[in-house]
Amino acid sequence: MSDRLPHTLRSDALGNRERILDAARALFSADGLDVPMREIARSAGVGPATLYRHFPTKQVLATEAFTAQLQACRTIVDDGCADPDPWRGLCLVIEKICELHARDRGFSEAFMSAFPGAPDVAGREYTVKAVAGLAQRAKDAGRLRSDFVLDDLILILMANKGIHTRSADTQVMASRRFAGLAIQAFEARPQRAPLPPSARLVSAAPDSV
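Residues numbered from 1 in each chain as written. Predicted model: local features only at pLDDT ≥ 70, side-chain atom pairs only at ≥ 80, totals over all residues. Heavy atoms only, no water.

Attention now moves to the overall build of the protein. When helices and strands are counted, the protein shows ten helices and zero strands. Along the protein, helices (α) and strands (β) appear in the sequence α-α-α-α-α-α-α-α-α-α when read from the amino end. Across the 209 residues in the protein, those meeting the buried criterion constitute 39%. For the protein, long-range pairs separated by at least 24 residues make up 67% of all intrachain contacts whose partners lie at least 6 apart in sequence. Counting only carbon and sulfur atoms, one obtains 55% of the accessible surface of the protein, whose full area is about 12000 Å². (Helix = DSSP H or I, 4+ residues; strand = E, 2+ residues; numbered from the N terminus. Buried < 20%, exposed > 50% of the residue type's maximum accessible area, 1.4 Å probe, protein only. Contact = heavy atoms within 4.5 Å. Areas by Shrake-Rupley, 256 points an atom, 1.4 Å probe, with all protein chains shown as cover.)

Here is the structure:
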């Protein structure tokens, strides 16, 4: 009995940790980062003390919960920076990061937020520096408008975060079209390539006046 007890406790603790992370991902994705820690504990089926033992703060919990999204974000940025055509690489980054944020409201809020004293929750510092370098290369190539500043991209992500539709698929479609419009606005010599299809955001056209 005594030989098995420590292993059992470790297994229980690991199970609690995974349940907390699963609950946090689901609630953050649906409702954003304002979800109370007690609600996450309740959804995970653990007590608040257990939650805080594993994750002392919401910042720590968010960092752990968004590990996969962080890796995806870094992969998108690395792929864009590796493209020999910096404008094409920048377009890829804008399209894919907007889509990533559209799929997960919690990750989007974590990326746009700055937790005081917290680790780099959403890889924001890495992403910003890498995209800044990519944007400068696109400017030097004459493809990105000369008055573009990195805050313009932050504004796009803030606006993209505001897209809310009834289904995840429609939200992603709307985000893709929005990214296409942003890319056309940023281009120094617009080619006016066809935009992605528009999501149906209203059930019917408004009445004429």
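Let's shift gears to the packing of helix H6 (residues 86-103) against helix H10 (residues 168-186). Contact geometry for H6 and H10: axes closest at 9 Å, N-to-C directions at 150°. It follows that H6 is roughly antiparallel to H10 by the angle criterion. Between H6 and H10 the crossing geometry is right-handed. Contacts from Trp87, Cys91, Ile94, Glu95, Cys98, Glu99, Ala102 and Arg103 in H6 reach Gln171, Val172, Ser175, Arg176, Ala179, Ile183 and Phe186 in H10. In the contact of H6 with H10, the residues fall into nine nonpolar, two polar and four charged. (Axes fitted to C-alpha atoms, helices over the stretch in contact; angles between N-to-C directions. Parallel < 35°, antiparallel > 145°, perpendicular 65-115°, else oblique. Left-handed = near helix turned anticlockwise from the far one by under 90°. Nonpolar A, V, L, I, M, F, W, Y, C, P; charged D, E, K, R; others polar.)

Turning our eyes to something else, we now look at the pattern of salt bridges. Counting across every chain of the model gives eight salt bridges. Between Arg17 and Glu64 there is a salt bridge, and its shortest N-O distance comes to 3.2 Å. Here Arg17 is found in helix H1 (residues 5-31), whereas its partner Glu64 is found in helix H4 (residues 58-65), with 47 residues between them in sequence. Put simply, Asp22 and Arg25 hold a salt bridge, and the shortest N to O gap is 3.1 Å. One end of the pair is Asp22 and the other is Arg25, both in helix H1 and three residues apart, which spans about a single turn. Accessibility expressed as a relative area gives 46% for Asp22, which makes it partly exposed. A residue is classified by how much of its surface remains accessible, and Arg25, at 29% relative accessible area, is partly exposed. (Salt bridge = Lys/Arg side-chain N within 4 Å of Asp/Glu carboxyl O.)

Counted according to the given criterion, the structure contains two aromatic pairs. Aromatic side chains Phe28 and Phe66 sit 5.9 Å apart centroid to centroid with 35° between the ring planes, which places their arrangement in the tilted category. One end of the pair, Phe28, is in helix H1; the other, Phe66, is in the loop between H4 and helix H5 (67-82), with 38 residues separating them in the sequence. Classification of Phe28 by relative accessible area gives buried; the value is 0%. Measuring from ring centre to ring centre gives 5.0 Å for Phe148 and Phe186, while their planes differ by 75°; the resulting arrangement is edge-to-face. Remark: Phe186 occurs in helix H10 and Phe148 occurs in the loop between helix H8 (124-140) and helix H9 (150-161); sequence separation between them is 38 residues. The pair formed by Phe148 and Phe186 is uniform in burial state, with each residue classed as buried. (Phe/Tyr/Trp six-rings, centres within 6.5 Å; stacked < 30°, edge-to-face > 60°.)

A residue-level look at the protein finds 80% of positions with pLDDT of 70 or above and a mean pLDDT of 82. Per-residue pLDDT, averaged within each element of the protein, yields its smallest value for helix H7 (residues 105-112) (74) and its largest for helix H2 (residues 37-44) (96). Residue range residues 1-9 is modelled with pLDDT below 50. Its contacts to residues more than four positions away, or to other chains, number zero contacts. (pLDDT = per-residue confidence, 0-100.)

Once that is clear, we can look at the nonpolar core. By size, the foremost hydrophobic cluster in this structure holds 47 residues, and its most contacted members are Phe28, Ile40 and Leu61. When residues in this core are grouped by element, the largest group, eight residues, is from H6. (Core = buried A, V, L, I, M, F, W, Y, C linked by side-chain atoms within 4.5 Å.)

Take H6 next. Here H6 spans 26 Å end to end across 18 residues, near enough to the 26 Å set by a 1.5 Å rise per residue. Backbone nitrogen of Trp87 and a side-chain oxygen of the N-cap are separated by 3.0 Å at the start of H6; the cap is Asp85. (Expected span 1.5 Å × (residues − 1). Polar contact = N/O pair within 3.5 Å; in protein donor to acceptor, adjacent residues only side chain to side chain.)

Between H5 and H6, the least distance of the axes is 8 Å, while the angle of their chain directions is 165°. When the interaxial angle is binned, H5 and H6 end up roughly antiparallel. As for how H5 packs across H6, the hand of that crossing is right-handed. Residues Gln69, Ala72, Cys73, Ile76, Val77, Asp79 and Gly80 of H5 form the contact with H6, whose participating residues are Gly89, Leu92, Val93, Lys96, Ile97 and Leu100. Counted by class, the contact of H5 with H6 contains eight nonpolar, three polar and two charged residues.

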